[in-house]
Amino acid sequence: MMGEVPFTLDFSRVGLTERALVGGKVASLGELLRHGCRVPPGFAVTSFGYRRFLEANGLEDRLRQVLASVVPNDLESLERASQQITGMFLESRIPREVQGAIERGYEELSVRAQLPDPPVAVRSSALAEDSEQASFAGQQETYLWVRGTENVLDSVRRCWASAFTPRALSYRLTQGVSLDDGVAVGVQQMVHPRAAGVLFTLSPRTGDRSLIVVEGSWGPGVAVVSGEVTPDEFTVNKVTLEIVHRKISPKTAQFVPTGSEGLLVKVPVPEDLQTKPCLSDEEVVELARLARHLEQVYGFPLDIEWAVAENEAFPHNLYLLQSRPETVWSRRPRTSIAANFKDPLSYVVQTLAGKALSR
Amino acid sequence: MMSDALRFQSPFEVQTPPGCEGWTEMYPYYLLFSEDRRQEEENKLWFYNGMHAPEAVHPFDTIGFEAGYLGIGEMSSRMFCIPPALGIDFRFLNGRLYISPTAVGDPKKIEERAKLFERRAGYYFQNWPQFYEEWREKVKREIEQLKAIRFPELPEVEDEQLVFERKGYGTSQEVFEAYHRLLESIFRIWQIHMEIVMIGFAAYFTFYEFCKKAFPEISDQAITRMVGAIDVSMFRPNDELKRLAKRAVELGVDSYFRPEANVRETFEALGRSEAGRAWLEEWRRSSDPWFYMNTGDGFHHHHRAWVDDPGAVFGILCDYVAKVKRGESLERDIEGRRRDRDQITEGYRALLQTEEDRKAFDELLGLVRNVYYSIEDHKFYVEHWYQSVFWNKVRELGALFVRQGFFQDVEDIFYLHWSEVHQALMDLLLSWTIGAPARGPVYWPPIIARRRELMGKLRAWNPPPALGTVPEAVVDPAVVMLWGITPDRLRAWLEPEKAEEKVLRGFAASPGVVEGPARVVLSVDQLHEVQEGEILVCSVTEPSWAPVFSRIRATVSDIGGMMSHAAIVAREYGIPAVLGTGSATKRIRTGQRIRVDGDAGTVTLLED
């Protein structure tokens, strides 16, 4: 990155190379944008912004003092330290230059959305190499449906503090992970989803890599992820992009955001919508096309969160919210199915004699 | 174990339709279910082979099946020694053909057979394109020899020439030998037919299993699209019809082609003008051999060839003429299909995980594409060209019997089994040589009359898709690939009441989703009833029905697997197909609106 290190960075300006500055989650969103996917617009509050916050409030020394007193395996001590740090963070002011950058970023989102105080998701974006472990360590706080500058700033501060939850502290202390490597935060416009869910670039049932399986339900994806609703399932042939199977389930409930805090409330789905597919065929196919493209770019199977925006026209209504490596099937060792292949004839013989087949 | 096995109705529990008592006397003893083999027969699976015998089988027509299953047995079990499979057993029940694959149970025997198979089939696989080319020539020679068989008129006295040539034998011997040659010919052609087909299925089955291992949920359809033969002889007859439609417009005789017109009168009318005669000359050119295409699969004598009964395709020809006049293209998109095949193949290949797998994929596919081409292409030569000539040859013999007062009609001969024809012929020749009356003219007519009545009644019987005991595994490659018989499919047939009430499941044989009114066709003579925009529902879709595919929006069948030609034709015409539903013709009625999902392999009944 040229020039001075910025306090905030638009998603469109980051990729995996900016990971140390914006964290893994935001970096991968930037990467999705670079590969031509639609991602809800947003910006990162960089780890540099976080450090400026610490410096301006003289928090670094105080942090060290608190942490020095922590007994790694003593829960009570961890909790006490966590509370102290959270208190310190929430009392501290965000320095004007950082606050200004965040306000400008939020204003830009407002202009793009043509909406005053657009709802955003504010989430921490871990800098650690292994974001899965980071997730375990509780460093991935998320605040959804946040509206207004004050609330955004407050959520950013809370995300910074979330690096010091008892669990995160324990993890960092026991794993010997540096305590001052910083925290990045993503501020991203919320999509008003008509439907949302997840997709895998292989069959979760059998690991078949020639399929893409899309699961979705009405409203935000939490319905699918949390297992509150049996989602619709669309199976797409990855090679031909034909939908080979549709399983439409009765989707009896969905979540809707309420009030300015954006709490999600579960409500019943109108009866006529319950058994209606939550995605059109063209939406399913377009999602599959995007997923296939990303998998080719990344070179490994993916697990992707997606949403279809309520009031936008196809294909501009399709958004990817997150992309991760698929872990269940991909972790299995690659085995050759034709390890004993000599020539077609002997393979024919083996198959017919039942030897080539494990089943 | 036996008591746990899933069972269909026993063949011994199947009722004789009212008025059909005594139907068994139409078939030889060895082709009937019988008390003395009951236990063995009940413990086997028998499935209805509606693919090759969509109707009750006339006594004479059993010859095609006897020759066919002799050929299968010879090639699979004795010649090439397909490791897990012996031949396919068969029986007639209420006139319908039921077949049962015979497996090799003993692992040691499978092992021994594998060694023989490797050496024997390997010889063919390694030389396949050349051998197939030679095979085609061999079949053409057989057809020439078949055509040369003559049943000479029995004269009052022999021609003098016979005496002076000192041949030493007369016309009675010639007729006798001609019948033997006819029998020898059909039994030989069906061995030759199976010479390439059985090991062809074995190779194809291997690629299928490889794909299923690499991509556990891959559809059968995706596999066939990778190996699909692009331009085989089975499409040529239809292409010739299109050519003739274009010629009709070019020659300015298109106004003759009105679908409501009688085909014979139309041809006569064409013969009265120069342009019309030019067109008829073109028809004759196309006819030999391309219109030896019959309307079935060659096993029923009354599925006439187009050359004998142009009425079968006249309606389609008229459609084509109308399309040419409207400026519509009749061309099949061969290049597009080739591109589609290459893209799909490349797509799956790229998804394989290791270099080794890609090597196996490439080499198996190379073999299978060669083999599969023959499996698609061979059909025209034997099932159509040869069989059409054969049935007409039988008619020539039938005509001799008519002249000698045995039968009233040439077609009566088909009510006798070929071994009975043998007896009748001896009766006839004895009587002619001796100069004393034959018994045949009084013996056969009442039998034929009764059998004609029986065939009419048996026709209405709707055969259950399977009988007997479901096996743990189906190991015969041909049975899996051609008929689509797998333990899963059999279980689905067994539990129709558990299945969703309004949904039938089958093989997703050709992609696409359409809705429309159904047209249930139970036999080939109902084919002309099919209207533009309907969905064809039939026991089995014959590949030779290809022309009707230009009218329909989708097709659904009771029987048919991924290798069935109907699937290929449906894809060729780009219409959805769901095959092997087991019961479509029973559960769907003409006019009922249905939805055919050729991607998912489902048929939904949209109306009660």
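Computed from a predicted model, the values in this text were never measured in an experiment.

## Concerning the overall build of chain B
Helix and strand content of chain B: 19 helices and 12 strands. Computed over its C-alpha atoms, the radius of gyration of chain B comes to 25 Å, within 12% of the 25 Å expected for a compact globule of 608 residues. Dimensions of chain B, computed from C-alpha atoms along their principal axes, come out at roughly 80 × 65 × 55 Å. Looking at the 608 residues of chain B, the share that counts as buried comes to 50%. If you take every contact in chain B between residues at least 6 apart in sequence, the share linking residues at least 24 apart comes to 70%.

## Topic: the domain arrangement of chain A
All names here are of chain A. Domains assigned within chain A are domain 1 (8-189) and domain 2 (193-325). One C-alpha centre belongs to domain 1, the other to domain 2; they are set 28 Å apart. Across the contact, 12 residues belong to domain 1 and 12 residues belong to domain 2. Those elements giving two or more residues to the side of domain 1 that touches domain 2 turn out to be helix H1 (19-34) and strand S4 (142-146).

## Things to note about the interface of chain B and chain A
Facing 38 residues of chain B, the contacting portion of chain A comprises 33 residues. Only helix H3 (107-126), helix H6 (171-214), helix H12 (334-351) and helix H13 (355-403) of chain B provide two or more residues apiece to the side of chain B that touches chain A. Across the side of chain B that touches chain A, the residue classes break down as 22 nonpolar, 6 polar and 10 charged.

## Description of the domain arrangement of chain B
Residues and elements named next belong to chain B. Here chain B is described as being made up of domain 1 (2-114 + 462-481), domain 2 (191-385) and domain 3 (502-605). Put simply, the middle of domain 1 and the middle of domain 3, counted by C-alpha atoms, are 26 Å apart. Every contact between the two is made by 8 residues of domain 1 and, on the other side, 13 residues of domain 3. Here the side of domain 1 that touches domain 3 is composed, by residue class, of 5 nonpolar, 2 polar and 1 charged.

## Let's talk about unusual backbone geometry
Cis geometry marks the peptide bond from Phe314 of chain A to Pro315 of chain A, where omega comes out at 0°. Mapped onto the secondary structure, Pro315 of chain A falls in the loop between strand S12 (302-309) and strand S13 (318-325). Of the consecutive residues Asp288 of chain B and Pro289 of chain B, the connecting peptide bond is found in the cis state with omega at 10°. Within the fold, Pro289 of chain B resides in helix H10 (residues 274-290). For Leu241 of chain A, which is not glycine, the phi dihedral falls at a positive 60°. Structurally, the position occupied by Leu241 of chain A is in the loop between strand S8 (232-237) and strand S9 (243-247). Phi is positive for Asn94 of chain B, close to 50°, though the residue is something other than glycine. For Asn94 of chain B, a count of 19 C-beta atoms within 10 Å corresponds to the partly exposed category.

## Thoughts on the sheet that holds strand S2 (residues 85-93) of chain B
Residue and element names in this part refer to chain B. Across the sheet, which stays open at both edges, the 4 strands sit in the order S2-S3-S1-S4 with antiparallel pairing between neighbours. Both edges of this open sheet fall to S2 and strand S4 (466-468), since each of them pairs with a single strand only. The average undirected angle you get between the axes of adjacent strands in this sheet is 25°. Across 3 bridges, the pairing between strand S1 (residues 45-48) and S4 is antiparallel. Residue pairing across strands places Leu45 opposite Gly468, the latter belonging to S4. The sheet contacts of helix H2 (residues 62-79) involve S2 and strand S3 (96-103), and relative to S2 the element is tilted by about 160°.

## Comments concerning the environment of Pro477 of chain B
Residue and element names in this part refer to chain B. Within the secondary structure layout, Pro477 lies in helix H16 (residues 477-482). Judged by the 28 C-beta atoms lying within 10 Å of it, Pro477 falls in the buried class. Measuring from C-alpha to C-alpha, the distance between Pro477 and Ser100 comes to 13 Å, with 377 residues separating the pair along the chain. In contact with Pro477, other than residues within four places in its own chain, are Ala85, Phe201, Ala202 and Phe205.

So, how was this worked out
Residues numbered from 1 in each chain as written. Chains lettered and ligands numbered in written order. Predicted model: local features only at pLDDT ≥ 70, side-chain atom pairs only at ≥ 80, totals over all residues. Helix = DSSP H or I, 4+ residues; strand = E, 2+ residues; numbered from the N terminus. Rg over C-alpha atoms; globule rule 2.2 N^0.38 Å. Buried ≥ 20, exposed ≤ 12 C-beta atoms within 10 Å, placed from the backbone. Contact = placed C-beta atoms within 7 Å. Domains from an automatic or database assignment. Nonpolar A, V, L, I, M, F, W, Y, C, P; charged D, E, K, R; others polar. Pairing = 2+ DSSP bridges. Axes fitted to C-alpha atoms, helices over the stretch in contact; angles between N-to-C directions.

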